[in-house]
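Remarks on the overall topology
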Amino acid sequence: MSPALRIGVTGFGLIAVCYGFARFAFGLFLPQIDGDLSLGPSVSGLISGGSFAGYCIAIIASAVLTEQIGARAVAVGAATVAAVGMAGIALAPSPLILAIAVVVAGSSTGLASPPMAAAVAAAVQKSRQDITNTVINAGTSAGVALSGPIALAIAGQWRLAFGAFAAVAVVLAVAAAVSLPASRGGKGAGGLPPTNGPVVRLISASFLMGAASTALWSFGGQLVSQQLGWGPTGAGSLWTCIGVGGIAGAWAGRLIGRFGLDPVHWTFLGLMAASVLAVGSGIAPPALVLIGGALFGSAYVMLTGVYLVWGIRALPDRPATGLMIGFLTIAVGQTAGAPLFGVLMAGPGAGSAVTCFAVVALLAGVFRAGRKAESAVA
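So, here's what we can say about the structure. (Residues numbered from 1 in each chain as written. Predicted model: local features only at pLDDT ≥ 70, side-chain atom pairs only at ≥ 80, totals over all residues. Heavy atoms only, no water.)

Quick notes on the packing of helix α12 (residues 252-259) against helix α14 (residues 286-314)
Filter applied, for reference: Lines fitted to C-alpha atoms define the axes, with helix axes restricted to the stretch in contact, and inter-axis angles between N-to-C directions lie between 0 and 180 degrees. Segments assigned H or I by DSSP are reported as helices when at least four residues long, segments assigned E as strands when at least two residues long, and all are numbered from the N terminus. In a left-handed crossing the near helix is turned counterclockwise from the far helix by less than a right angle, and in a right-handed crossing that turn is clockwise. A contact between two residues is defined here by any heavy atoms of the two lying within 4.5 Å. Under the scheme applied, nonpolar residues are Ala, Val, Leu, Ile, Met, Phe, Trp, Tyr, Cys and Pro; charged residues are Asp, Glu, Lys and Arg; polar residues are all the others, including Gly.
As a packed pair, α12 and α14 sit with axes 9 Å apart at the nearest point and diverge in direction by 65°. Note on packing geometry: the crossing formed by α12 with α14 is right-handed. Seen from α12, the contacting residues are Ala252, Leu255 and Ile256; seen from α14, they are Met302, Gly305, Val306, Val309 and Arg313. Looking at the contact of α12 with α14 residue by residue, the classes come out as six nonpolar, one polar and one charged.

Here's the deal with the packing of aromatic side chains
Heads up, the condition is: Ring pairs shown here join Phe, Tyr and Trp side chains whose ring centres sit within 6.5 Å, with only the six-membered ring taken for Trp; geometry is labelled stacked below 30 degrees between planes, edge-to-face above 60, and tilted in between.
As enumerated under the stated definition, the model contains ten aromatic pairs in all. Joined through ring pairs, the aromatic side chains of Phe21, Phe29, Phe162 and Phe165 make up one cluster.

Here we look at the side chain of Thr109
Threshold: Burial status follows relative accessibility: with a 1.4 Å probe on protein chains alone, a residue under 20% of its type maximum counts as buried, one over 50% as exposed, and anything between as partly exposed. Counting of polar contacts relies on pairs of N or O atoms within 3.5 Å, with two restrictions inside protein: one atom must be capable of donating a hydrogen and the other of accepting it, and residues adjacent in sequence are counted only when both atoms are side-chain atoms.
Examined against the element boundaries, Thr109 turns out to sit in helix α5 (residues 95-123). Residue classification places Thr109 among the buried positions, given a relative accessible area of 0%. At 2.5 Å, the side chain of Thr109 and the backbone oxygen of Gly106 are in polar contact.

Describing the environment of Ala90
You can see Ala90 is positioned in helix α4 (residues 71-91). In sequence terms Ala90 and Ala101 are eleven residues apart; their C-alpha atoms lie 8.9 Å from each other. The residues touching Ala90, leaving out its near neighbours within four places in the chain, are Arg159, Phe162 and Gly163.

Concerning α12
Going by this rule: Throughout, the arc means that of the directions going from the helix axis to the C-beta atoms.
All buried positions along α12 are accounted for by Ala252, Gly253 and Ile256. Along the axis of α12, the buried residues cluster in a sector spanning 100°; they form a single face. Where α12 is buried, its residues meet α6 (129-137), α13 (261-280) and α14. Just downstream of α12 lies Gly260, where phi reads positive at about 100°.

Description of the pattern of salt bridges
Our working rule: Criterion for a salt bridge: a side-chain nitrogen of Lys or Arg within 4 Å of a carboxyl oxygen of Asp or Glu.
On inspection of all chains with the given rule, the structure shows three salt bridges. A salt bridge links Arg318 to Glu67; the shortest N-O distance between them is 3.3 Å. Placement of Arg318 in the loop between α14 and α15 (319-346) and of Glu67 in helix α3 (residues 41-69) is noted, with a sequence separation of 251 residues between them. Residue Arg318 shares its accessibility class with Glu67, and that shared class is buried.

What about the environment of Leu39?
Residue position: Leu39 is located in the loop between α2 (25-37) and α3. Taking relative accessible area as the criterion, Leu39 reaches 6% and is therefore assigned buried. For the pair Leu39 and Pro95, spaced 56 residues apart in sequence, the C-alpha separation works out to 6.9 Å. Setting aside chain neighbours within four positions, we find Leu39 in contact with Leu30, Ile33, Asp34, Ser44, Ile47, Pro95 and Leu98.

Some details on a nonpolar patch on the surface
Applicable threshold: In this scheme, patches are assembled from residues that exceed 30% relative accessible area and form no salt bridge. Like charges are connected within 9 Å, while nonpolar side chains (Val, Leu, Ile, Met, Phe, Trp, Tyr) are connected within 5 Å. For the accessible areas, the method is Shrake-Rupley and the probe is 1.4 Å, while residue cover comes only from the protein chains on display.
On the surface, Met1, Leu5 and Val9 cluster together into a nonpolar patch covering about 340 Å² of accessible area. Within the fold, Met1 resides in the segment before α1 (3-23).

Structure, rendered in structure tokens:
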């Protein structure tokens, strides 16, 4: 098996578990969790925001640790943390314990991505790196797509689901230990990254996109439950559509190579805004809501692929840190966005919250990658 295939398959699975299960499945099961533990919109938003905050801390630590102890050790740690966090969610007896477990589970996603970028940079030939990185990144969609049918199959039994997810994370920890290289950062590793033009614009764009995405990642299940009267079956179907649509993100590397970062960026920000309105407006027919979910999944994963390539091209000697900057800022935006959406939903209402967050997605398109990131050879 070639290094690109071996690392790609392992990374795809690791990202699927950490992102699709440990981080984003909380939004799918939120209506059932809320019913059992009486969270309410504001507390739900704070818990979701806490998960994103844990991610912010973890991804900084991951970039540093990857440059010091290597990709393999950090990737194994990511899967282990995901298993512990999801087991805690499954067993949580109260909102406080749930919040702690959600933060732990969410932090695994921050640990997972930088070591995969370092592994790809160390072992995959340069001409295949953009494609391999964006295929790994699309693992998010596989996890989300699988979590939907799982929710349907077990009729909203969220504790059972997170217990099963924790077991899968243990399997991925073993796979990462066997398959990944023990590579560290590039020759420029260490210290704070430079704040050049492409990096500053990357931070601005990814912050706004991250904030906008929380409309569906954190509240998609509640929006269709409250506005359309959908139960667990409807929410699970929406989540499956989001995940299946996101598989298109595996082609981000090819689209970027053909059309450039900026055109791909603008196109999928527009699709994200449209999808948030389609799912959250409360007036769209069910078929359009599900199509909107698929568009959202495609747009989100494609945009994270854009920011991944943007960051690595901006800092080619430090791939783990380049990835960390974009993904960290997405999470900072989500940390700010989830509580704000919860407040708007509880106050002015879901319609106003959805409209505001669609506009935020469009504003991210103001920022361009710039010549350095556009012209760099991956």
